Amino acid sequence: MTQKEIIVLTGTNSQVIIDAGECAEILHWGKPVSGDIASFCSSLLRPVPYGRLDNDVAMTLAPELGRGVFSSPCLEGHRNGADWAPVFTMTEIKSNSHSVTLTSEDALAGLRMITELSLDKQDVMKTRHSLINIKSTPYQINRLANTLPLPARAAELMTYYGRWVHEFQTVRQPLQQGGYQQENRRGRTSHEHYPALVAGTRHFDEMQGDVYGFHFAWSGNHRLRVDVKADGRRYMQAEVIYLPGEITLQQGEELTTPWLYASYSDQGLNSMSHQFHSHVRESILDKQIINTARPIHLNTWEGIYFEHDPDYIMEMATQSAQMGVERFIIDDGWFKGRNGDKAALGDWFLDAHKYPNGLTPIIDHVRELGMEFGLWFEPEMINKESDLYRQHPDWLLAVEGYEQPTGRNQYVIDLQNDDAFNYLYERLDHFLTQYAIDYIKWDMNREVVQPAHNGQAAGHQQVVRYYQLVDKIRAAHPKVDIESCAAGGGRIDFEVLKRTHRFWPSDNNDALERQSIQRGMSYFFPPEVMGSHIGSSHCHSTRRRHSIEFRGLTAIFGHMGIELDPVKELQEEKQGFERYIKLHKALRPLLHTGRTWRVPSDDEAHQIHVVVANNQSEAVVMLAQLAMPTNSLSGHLCIPGLDRTAIYRVSILDKPSNYNEIVNYQPFWTEDSCELSGEWCEDVGLTMPILDAESAILIKLEKL
Ligand code: DGJ
């Protein structure tokens, strides 16, 4: 056993103190403290009550049943029935002021565990375990979980739910005995169970409260648990759900969990988001690609669906360029036999009937217009109605002997099958080598049922092979931008983001719905990775109608695009697209680097979204009126994050076309501009204008 050590990891506004001896326990995760920390820690020694085990049982980073922890253990596994209750003893501790690596072993059970944990300057912690089988016989793993403690004052949760076209919805609930558990068995990150949650002090909100945000970076089945132990101690746990018999380690083999990311703030959700956004910008995103101005998209999907006519597409491109679009993307429908969603997935060859002259004339045309070119793929999928399936029926990810349900008429390809993997790589590589393609939209339109390779469960390995396929493509084509899409927001997490550059949050382009979807996503992701398109005035997924102003303002707050057929649009609409494209181009340096603030309002019918430049020289504010105002006067708009000592010019950048018609008169300051101090804006605020339901205004603040 190694010497007992007190390890202190320091971020900027948070600190983690770990007591590492025989095992490792986080004693404090919260505000930074100073002084003789090692000796102060003795104040935390726990009493041992009657009626339970005779000695104190620590709630460690890797809780063990064999040590007398009765909550969910970190490891469940066995060696043909034996070695099922391991107890690890520390053998090595390596640490510096930001990270620690703990190695422990159970010589009896023949297992070694390595736990990594770090806290960076952005106050984001990440941790994972690796388990190694050091005995000669195979070791079967059922569970391997990452565990972090929560303080007793963590009394409330914000968790996620959703579905297709309704992603990233949040819900609040008390954290009490019985706890909370979320299980995702859909084989991808999922629309339903986005793998994140926030725990915090009672009534935590955007601006105040101690909050602990967690994000589990894994694109497959997972379980998140937040529990209150019988003795009152609380913890958060995240793990992959391994399917029966899926994980067996031979001697020397190792299983590593995904990273569990976590961040503490004593100033509520906005500040937590700032930390996650900075971490994503600093440590996850591919800076070479992301730091170039995010080009405005025109995506063909909702414009033409499967109706592909090259001349018409070229006209769409011409009109897109005239509106200011910078990247033109051909979505689904371009490959052999793809005339609807029942056939052809897997046949990644250009459809010669639709494109008799090939893709090159279109790409040349797009490039001559000064735009980049992009193409849609759904590599992991196969329709039974395809040449690929007829040639390789055994490439299905399935259990033989069962007829599994289809999803969008399609099946999943077994990526553990090397021939299938290599075929997919070759096809993607072919297109990326042959054509000047700057971007691909990588889609995944079904959930995974009975994932099996050679009859054995393969849900985990399928995800690993998906990562490997993207990595291989990225290594060969490092300049290609990749968007992760899974029928909208079904595969959005930090692990995917390490290898992609943009997410398609939802197939729902309805501006009202997007307000809540984008808000939910903004807790963990910065706006530059959030695809956000203006759809046609008559939304395809909700059948609602919205003005161009509301659609435009909603779309400019992400990585903007247009999702319709410009050729068919009325002149007035086209002028609107042009206007919001221009506005986005002017604002994107601020939007894509600044700090996002979600501002609470007394009226739930409001949604207020602020982005402030890092140097506080400017800011934009969107005040969205989601439903009818509750009162006839809406109170004050307070704007956080500004330089309190500076004077700002406040002016309206955009407003609904009927802005002045719906009232006797609007607030004086919205007619012209006014000059106010940052302190005034934050503490006193400005009178809110009166807006119709489903409309918005955009306000600009410039430091004088
Ligand atoms: C689902 C995506 O979310 C859509 O944007 C579109 O690409 C379709 N798939 C194409 O099949």
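Computed from a predicted structure; not experimentally measured. Each chain has its residues counted from 1, following the order in which its sequence is written. Reporting in this predicted model follows two pLDDT cut-offs: at least 70 for local features of residues, and 80 or more for side-chain atom pairs to be given and counted; totals over whole chains, interfaces and linings ignore these cut-offs and use all residues. No hydrogens and no water enter the side-chain calculation; it runs on all heavy atoms of the structure.

### Comments concerning helix α12 (residues 548–556)
- Of all the nine residues making up α12, nine are buried; the element is thus mostly covered by neighbouring parts of the structure.
- Within α12, the full set of buried residues consists of Ile548, Glu549, Phe550, Arg551, Gly552, Leu553, Thr554, Ala555 and Ile556. Exposure classes here rest on a 1.4 Å probe applied to the protein chains alone. A residue is buried below 20% of its type maximum, exposed above 50%, and partly exposed in between. Here a strand is any run of E in DSSP of at least two residues, a helix any run of H or I of at least four, and the numbering for each starts at the N terminus.

### Observations concerning empty space enclosed by the protein
- Two kinds of site are reported from a 1 Å grid over the protein atoms alone, namely cavities, where a 1.4 Å probe fits but cannot get out, and pockets, open sets with protein on both sides within 12 Å along at least five of seven lines, and residues are called lining when an atom falls within 4 Å of a point. Grid points are joined across faces, edges and corners, and a volume is the space filled by probe spheres set on the points. As enumerated under the stated definition, the model contains eight cavities of 30 Å³ or more in all.
- Taken as a whole, the largest cavity spans an internal volume of roughly 140 Å³.
- If you trace the largest cavity, you find 14 residues lining it, with Cys23, Ala24, Ala62, Met90 and Ser104 closest to the centre.
- When contributions to the lining of the largest cavity are tallied by element, the ones reaching two or more residues are β6 (99–106) and β7 (111–119).
- Under the grouping applied here, Gly and all other residues not named as nonpolar or charged are polar, the nonpolar ones being Ala, Val, Leu, Ile, Met, Phe, Trp, Tyr, Cys and Pro and the charged ones Asp, Glu, Lys and Arg. Across the lining of the largest cavity, the residue classes tally to eight nonpolar, three polar and three charged.
- Taken together, Arg514, Gln515, Gln518, Arg519, Ser522, Met530, Thr554, Phe557, Gln607, His609 and Met622 form the lining of the second largest cavity.
- For the lining of the second largest cavity, the elements supplying multiple residues, two or more each, are α11 (511–522) and β33 (606–612).
- By residue number, the principal contributor to the lining of the second largest cavity is α11, which donates five residues.
- Looking at side-chain class alone, the lining of the second largest cavity contains three nonpolar, six polar and two charged residues.

### Focus: the side chain of Thr596
- Examined against the element boundaries, Thr596 turns out to sit in strand β32 (residues 595–599).
- In this structure Thr596 comes out as buried when scored by relative accessible area, which is 2%.
- Apart from the residues lying within four places of it in its own chain, the contact partners of Thr596 are Asn270, His274, His277, Pro527, His609, Val610 and Val611. Any two residues whose heavy atoms approach within 4.5 Å at even a single point are treated as in contact.

### Quick look at the site of the ligand
- In the region of the ligand, 13 residues are neighbours, and Asp332, Arg408, Lys441, Asp443 and Asp507 sit closest.
- Counted as a polar contact is a pair of N or O atoms within 3.5 Å, where, for protein atoms, one must be capable of donating a hydrogen and the other of accepting one, and residues adjacent in sequence contribute only when both atoms are in side chains. Within the side chain of Asp331, an N or O atom sits 2.8 Å from an oxygen atom of the ligand.
- Asn445 places a side-chain nitrogen or oxygen 3.3 Å from a nitrogen atom of the ligand.
- Areas reported as accessible are Shrake-Rupley estimates using a 1.4 Å probe. Residue values count occlusion only from the protein chains shown. Its free accessible area being 290 Å², the ligand has 98% of it covered by the protein chains.
- Across the shell around the ligand, the residue classes tally to five nonpolar, two polar and six charged. Think of it this way: one heavy atom of a residue within 4 Å of a molecule or strand is enough to make that residue near it.

### Topic: the UniProt feature "binding site: substrate" (unreviewed entry) in the protein chain
- UniProt positions are given in the numbering used here, feature names are shortened, and annotations may be inferred rather than shown by experiment. Under the present numbering, the feature "binding site: substrate" (unreviewed entry) in UniProt falls on Trp164, Asp331, Asp332, Arg408, Lys441, Trp442, Asp443, Met444, Asn445, Cys485 and Asp507.
- When you line up the elements, Asp331 lands in the loop between β21 (327–330) and α6 (360–368).
- Residue classification places Asp331 among the buried positions, given a relative accessible area of 2%.
- With respect to the helices and strands, the residue Asn445 is situated in the loop between β25 (439–442) and β26 (452–453).
- Take Asn445: its relative accessible area is 12%, and that puts it in the buried class.

### Section: the pattern of salt bridges
- The salt bridge criterion pairs a side-chain nitrogen of Lys or Arg with a carboxyl oxygen of Asp or Glu, the two atoms within 4 Å. This model, assessed by the stated rule, comprises 55 salt bridges.
- Across the pair Glu372 and Arg327 runs a salt bridge whose closest N-O atoms are separated by 2.8 Å. Placement of the pair is Glu372 in strand β22 (residues 372–377) and Arg327 in strand β21, with a sequence separation of 45 residues.
- For Lys384, the salt bridge is made with Glu403, and the minimal N-O distance between the two is 3.6 Å. In this pair, Lys384 sits in the loop between β23 (381–382) and α7 (387–391) while Glu403 sits in the loop between α7 and β24 (411–412), placing the two residues 19 residues apart along the sequence.
- Given a relative accessible area of 30%, Lys384 falls into the partly exposed group.
- For Glu403, a relative accessible area of 59% translates into the label exposed.
- One connected set of salt bridges, linked through shared partners, spans Glu76, Arg143, Glu183, Arg185, Arg223 and Glu239.

### Structural notes on α6
- Within α6, burial applies to Ile362, Ile363, His365 and Val366. With its buried residues spanning 160° around the axis, α6 presents them on a single face.
- As for α6, its buried residues are in contact with α5 (310–323), β21 and β22.
- Gly370, located one to two residues past α6, shows a positive phi value of around 85°. Throughout, the arc means that of the directions going from the helix axis to the C-beta atoms.

### Some points on the packing of α5 against helix α13 (residues 571–591)
- Axis definition: a line fit to C-alpha positions, over the contact stretch in the case of helices; interaxial angles, taken between N-to-C directions, run 0 to 180 degrees. Relative to each other, α5 and α13 sit at 55°, their axes nearing to 8 Å. As judged from the angle between their axes, α5 and α13 are oblique. In contact with Gln319, Gln322 and Met323 of α5, α13 contributes Lys574, Phe577, Glu578 and Ile581.
- Counted by class, the contact of α5 with α13 contains three nonpolar, two polar and two charged residues. An angle counts as roughly parallel when it lies under 35 degrees, as roughly antiparallel when it exceeds 145, as roughly perpendicular when it falls between 65 and 115, and as oblique in every other case.

### Describing the sheet that holds strand β20 (residues 297–299)
- Between any two strands, at least two bridges found by DSSP are needed for them to pair. Spatially, eight strands are ordered β29-β28-β25-β22-β21-β20-β31-β30 in an open sheet, and the strand pairing comes out parallel. What marks the edges here is a single partner per strand, and that holds for β29 (502–503) and β30 (531–535).
- In this sheet, β25 lies alongside β22 in parallel orientation, the contact comprising four bridges. Paired with Phe377 across the bridge in β25 is Trp442.
- Taken strand by strand, α5 contacts β20, β21 and β31 (559–563), and its axis lies near 155° from that of β21.

### Topic: the environment of Ser273
- Residue position: Ser273 is located in helix α2 (residues 268–284).
- When its relative accessible area of 0% is taken as the criterion, Ser273 is described as buried.
- Setting aside residues no more than four positions away along its own chain, Ser273 makes contact with Ser522, Tyr523 and Arg598.
- Among the polar contacts made by the side chain of Ser273, one reaches the main-chain carbonyl oxygen of Tyr523 at a distance of 3.0 Å.

### Regarding the side chain of Ser386
- If you trace the backbone, Ser386 turns up in the loop between β23 and α7.
- You can call Ser386 buried: its relative accessible area is 1%.
- Here the side chain of Ser386 touches Tyr389 through a polar contact of 3.0 Å, landing on its backbone nitrogen.
- Beyond its immediate stretch of four places on either side in the chain, Ser386 contacts Ala344, Leu345 and Asp347.

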